[in-house]
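The primary structure of each chain is shown beneath.
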Amino acid sequence: MDYVTAAVPHPRSEGEGPARAGRRSLAVALMSGALGAAVALLATRQRWSMGTATVAGDAFPLSVKGSDVTGVPAALAIVGLAALVAVFAVRRTGRFAVSALLALSGAGIVAAALLGATDSSALDDKAAQASGDTSSVVHAFDHTAWPYVAAVGGGLILLAGLLALLYGRRWPAMSGRYERNGTPRPRRIPVVDPDRPEDIWKALDRGEDPTGA
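Reference entry: report on the structure contained in this document. Predicted model only: the values in this text are computed from it and were never measured.

Rules behind the numbers
For every chain, the first residue of its written sequence is number 1, and the numbers climb from 1 along that sequence. A pLDDT threshold of at least 70 governs which residues receive local features in this predicted model, and a stricter bar of 80 or more applies before side-chain atom pairs are shown or counted, although totals over entire chains, interfaces and linings include all residues. Side-chain measures were taken over the full set of non-hydrogen atoms in the model, leaving aside hydrogen atoms and water. Note on terminology: a nonpolar core comprises buried Ala, Val, Leu, Ile, Met, Phe, Trp, Tyr and Cys residues joined through side-chain atoms within 4.5 Å. Three labels apply to residues, based on accessible area from a 1.4 Å probe with only protein chains included: buried if under 20% of the type maximum, exposed if over 50%, partly exposed otherwise in between. We call two strands paired when DSSP finds no fewer than two bridges between them. Counting from the N terminus, the helices are the DSSP runs of H or I reaching at least four residues and the strands are the DSSP runs of E reaching at least two. Axis definition: a line fitted to C-alpha atoms, limited for helices to the stretch in contact. Angles are taken between N-to-C directions and run from 0 to 180 degrees. What sets the label is the angle itself: under 35 degrees gives roughly parallel, over 145 gives roughly antiparallel, 65 to 115 gives roughly perpendicular, and the rest give oblique. Each crossing gets its hand from how the near helix is turned against the far one by less than a right angle, where anticlockwise is left-handed and clockwise is right-handed. The classification used treats Ala, Val, Leu, Ile, Met, Phe, Trp, Tyr, Cys and Pro as nonpolar, Asp, Glu, Lys and Arg as charged, and all other residues, Gly among them, as polar. Centres within 6.5 Å make a pair out of two Phe, Tyr or Trp rings, where for Trp the six-membered ring is used; the pair is then stacked when the planes are under 30 degrees apart, edge-to-face when over 60, and tilted otherwise.

With respect to the nonpolar core
What tends to happen in soluble globular proteins is that the nonpolar side chains get buried as a cluster.
Part 1 of the argument: Ala-29, Leu-102, Ile-109, Ile-157 and Trp-171 are the most contacted members of the largest nonpolar core, which has 17 residues in total.
Part 2 of the argument: If you look at the next biggest cluster of nonpolar residues, it comprises 13 residues, including Val-69, Ala-113, Leu-123 and Ala-150.

Quick look at the sheet that holds strand S2 (residues 58-65)
Hydrogen bonding along the main chain pairs the strands of a sheet, whether they run parallel or antiparallel.
Part 1 of the argument: With antiparallel pairing, three strands are arranged side by side in an open sheet as S2-S1-S3. Each edge of the sheet is formed by a strand with only one pairing partner; in this case those strands are S2 and strand S3 (139-143). Going from strand to strand, the sheet's axes swing by 15 degrees on average, the running direction of each strand aside.
Part 2 of the argument: When strand S1 (residues 47-55) meets S2, the two strands line up antiparallel, connected through eight bridges. The residue bridging Ala-53 from the neighbouring strand is Phe-60, located in S2.

Points about the packing of helix H5 (residues 92-116) against helix H7 (residues 146-167)
Part 1 of the argument: Relative to each other, H5 and H7 sit at 160 degrees, their axes nearing to 7 Å. When the axis of H5 is compared with that of H7, the two are roughly antiparallel. Helix-helix and strand crossings are classified by hand; for H5 and H7 the assignment is left-handed.
Part 2 of the argument: Each residue belonging to the contact of H5 with H7 can be placed in one class, and the counts come to 19 nonpolar, five polar and no charged.

Looking at the packing of aromatic side chains
Part 1 of the argument: A full pass over the atoms with the stated rule returns one aromatic pair.
Part 2 of the argument: Arranged with centres 6.0 Å apart and planes meeting at 20 degrees, the rings of Phe-88 and Trp-171 form a pair that is stacked. Residue Phe-88 is located in the loop between helix H4 (72-86) and H5, and its partner Trp-171 is located in the loop between H7 and helix H8 (197-205); the two are separated by 83 residues in the primary sequence.
Part 3 of the argument: Among the residues examined, Trp-171 registers a relative accessible area of 5% and is labelled buried.

Bear in mind that shape data such as this cannot, by itself, settle questions of function.
Here's what the structure looks like:
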């Protein structure tokens, strides 16, 4: 007689796929978010553009840092880093909202960095200060690669936000010591057996009366 055997999936294997995907997405999001914020902050402290201004008939070289061009990437990098940490402190709708904020911070950094690469207003202000003429503008405008480095940092933060939106519901949250109403959970008091001396001593160490009087 032939017997037909059916493969029965192991109960533990059914949840391994989503759990593994959650762990991987969590690791990638943490790395990309933290790295993206560090890269964006570093890039804003570097020289973004340079040019020359005419001062007393001579060419005067000028340059500006990313923070002189725009303060948006640095500010959003800090917001994104805070949102990355806050993802683990909230649940459900709150986690979705914080994840969206994380993604928007990254997108904002990318947009601000790309716009700042072609913005010469900060150099024009320096040219006006150097020449004493408010109508002076910078000549031979050029930019470095740092604005695009800042955009890459923003892209990493954006990736972390998208991963949080897609897989954040599978990520762990901080220990919920308090219930939703803000009251602490009731503490479980161990039962003291009067016939066991070790239980009596433990109760005394906790400041409890083992006799119940």
